[in-house]
Each structure stands twice: as structure tokens, then as C-alpha cells.
Amino acid sequence: MIEDTGERIIPEQMKITNELLIEHIARYHFAVPQVYGRVLDFATGVGYGAHVIAKKCKKQIEEIIGVDIDPEVIKYARGQYYHPLSSYQVEDVTDTTLPEKLGEFDVILSFETIEHIENETQFMDNIFRLLRPGGTLILSTPFGEGKGKTCGSPFHVHQMTENEFMHMFDKFEVRDFYFQNGALIEPVKTAQMVHCPLGIVIAKK
């Protein structure tokens, strides 16, 4: 949803009263040390995350392309988050022709996307085809009751268990897993947090 304040258009999710905002931004800052070359931001939304990467990684990246299925948020991203290294396109992340349209990438970011995708297999196949050999995927999702089970969000197909999440990336050569709670992100192996509502993987092809 985008709200018209009379002065400028502000996406609902960008209000400082939205507690999820810092969680989303934390993931992009967490990704910064892993980002290089040509970068794809899947389901970029209004584009603030892609903008963080363009600004923080301008010496390490060639470009970052943010894609989203919603034309309204892409229009907002183009107007609000312009950077010489970034661009935004309306695309469906399960489109089988996406690799031919966009080419290959060194890094793919996919934060809070997979739980919205009905055709999960095609989504993951697209990611694998879009990544160059040796490329890096950084993906996050909330945990829940498991695949095929209803969850609290009407916008989610389902929410994976921790075990299901960790087996989603078996075809990747290297996999490092993290837990996230708010702005805190810790490696699974040494995590101290009691409640782990979200998972993040850094997977190398």
C-alpha cells in the first residue's frame, strides 16, 4: 500500500512505526560483505534495500537490478531510489524465461520472498540458473509450522520449519545458516537467541 500524504507518496512499510522495517534493513546490511559484481534483488519492493547495496557497495558491484511483480512499487523505486548502479524492472520471479531476460549474476538477494511463492520449485530453479558458477545466494524466510500447513499470514503460502529450510539448498556447494530476531543476526552454530523467528542462508553455487 502507498499512502498519499499531500506532500509526497510514502509506502506504508517505510513508516518508522512499522517494526518490520529495521528487520528488513538489517538483512541488507548483513549482506554487504558478501556482495560483488552483478547483483539481483528478487522481490525488491519499493527499492530501499537495493539502494542500500548500491550505496554501500559501489566499489564492489557492477550493477544491481531490483525486480518485483508490482508495477506500483517499481514506479516508486525508480523515482525515490535512483542510483547510477541500480535499475528496477517489473518481473515475475517464477517466469521461466527470466534467465534469458536478465542474464547471469554473481549475487542474488531474496529476502522474505519464498514464503509468498506457490511454485517454489520454479523459483529455486530460476535462482540456480540465474547464478553464475561460484555465485552467491543470500535468502531469508520466516519459520513456521511447515510446508503444506496453514500459517498466520494470509499472504504466505506456508512457512517452513527450520529443518525444511536447511534442506532447501542441498544442491549448492557451500551453505552457511543464520538465525534472525529483529536486528540481531547470528550464525546457527553459535546462536544465543532463545526465539529464532527467521532463517537466513548464504549459499554458494
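Below is a summary of the structure that appears in this document. (Residues numbered from 1 in each chain as written. Predicted model: local features only at pLDDT ≥ 70, side-chain atom pairs only at ≥ 80, totals over all residues. Heavy atoms only, no water.)

Focus: the packing of aromatic side chains
Now for step 1: Evaluated as defined, the whole model comprises twelve aromatic pairs.
Now for step 2: Ring plane angle 85 degrees and centroid distance 6.1 Å describe the contact between F143 and F179, whose orientation is recorded as edge-to-face. Within this pair, whereas F143 is found in the loop between strand 7 (131-142) and helix 6 (162-166), its partner F179 is found in strand 8 (residues 174-181), the two being separated by 36 residues in sequence.
Now for step 3: When the ring centre of F128 is taken as origin, the NZ or CZ atom of K171, which lies over that ring, is 4.2 Å away.
Now for step 4: If you follow K205 out to its NZ or CZ, it ends over the ring of F128, 4.6 Å from the centre. (Phe/Tyr/Trp six-rings, centres within 6.5 Å; stacked < 30°, edge-to-face > 60°. Helix = DSSP H or I, 4+ residues; strand = E, 2+ residues; numbered from the N terminus. Lys NZ or Arg CZ within 6 Å of the ring centre and 35° of its normal.)

Comments concerning the nonpolar core
Now for step 1: Counting 31 residues, the largest nonpolar core has F42, I127, L139 and F169 as its most contacted members.
Now for step 2: If you list the elements that add at least two residues to this core, you get strand 3 (37-42), strand 4 (61-68), helix 4 (98-102), strand 6 (105-111), helix 5 (120-130), strand 7, strand 8 and strand 10 (198-204).
Now for step 3: Setting aside its immediate chain neighbours within four residues, L139 contacts S110, F111, I114, F123, M124, I127, F165, F169, G199, I200 and V201.
Now for step 4: Counting residues in hydrophobic clusters, the runner-up holds 29 residues, among them V39, Y48, Y88 and F111. (Core = buried A, V, L, I, M, F, W, Y, C linked by side-chain atoms within 4.5 Å. Buried < 20%, exposed > 50% of the residue type's maximum accessible area, 1.4 Å probe, protein only. Contact = heavy atoms within 4.5 Å.)

Quick look at the pattern of salt bridges
Now for step 1: One pass over the full model with this rule turns up eight salt bridges.
Now for step 2: Between E23 and R27 there is a salt bridge whose closest N-O contact spans 3.6 Å. Taken as a pair, E23 and R27 lie in helix 1 (residues 20-31) at a separation of four residues, close to a single helical turn. Of the two residues, E23 and R27, neither departs from the other in class, the shared state being buried.
Now for step 3: Note that D125 and R129 form a salt bridge whose closest N and O atoms lie 4.0 Å from each other. Linking D125 with R129, this pair stays in helix 5, spanning four residues, or about one helical turn.
Now for step 4: Owing to a relative accessible area of 31%, R129 belongs among the partly exposed residues under this scheme.
Now for step 5: A single salt-bridge network, built from bridges that share partners, covers E91, D95 and K101. (Salt bridge = Lys/Arg side-chain N within 4 Å of Asp/Glu carboxyl O.)

Notes on helix 2 (residues 48-56)
Now for step 1: The buried fraction of helix 2 is high, at seven of nine residues.
Now for step 2: Taken together, the buried positions of helix 2 are Y48, G49, A50, H51, V52, I53 and A54.
Now for step 3: Along its buried surface, helix 2 packs onto helix 1, strand 3, strand 4, strand 5 (86-90) and strand 6.

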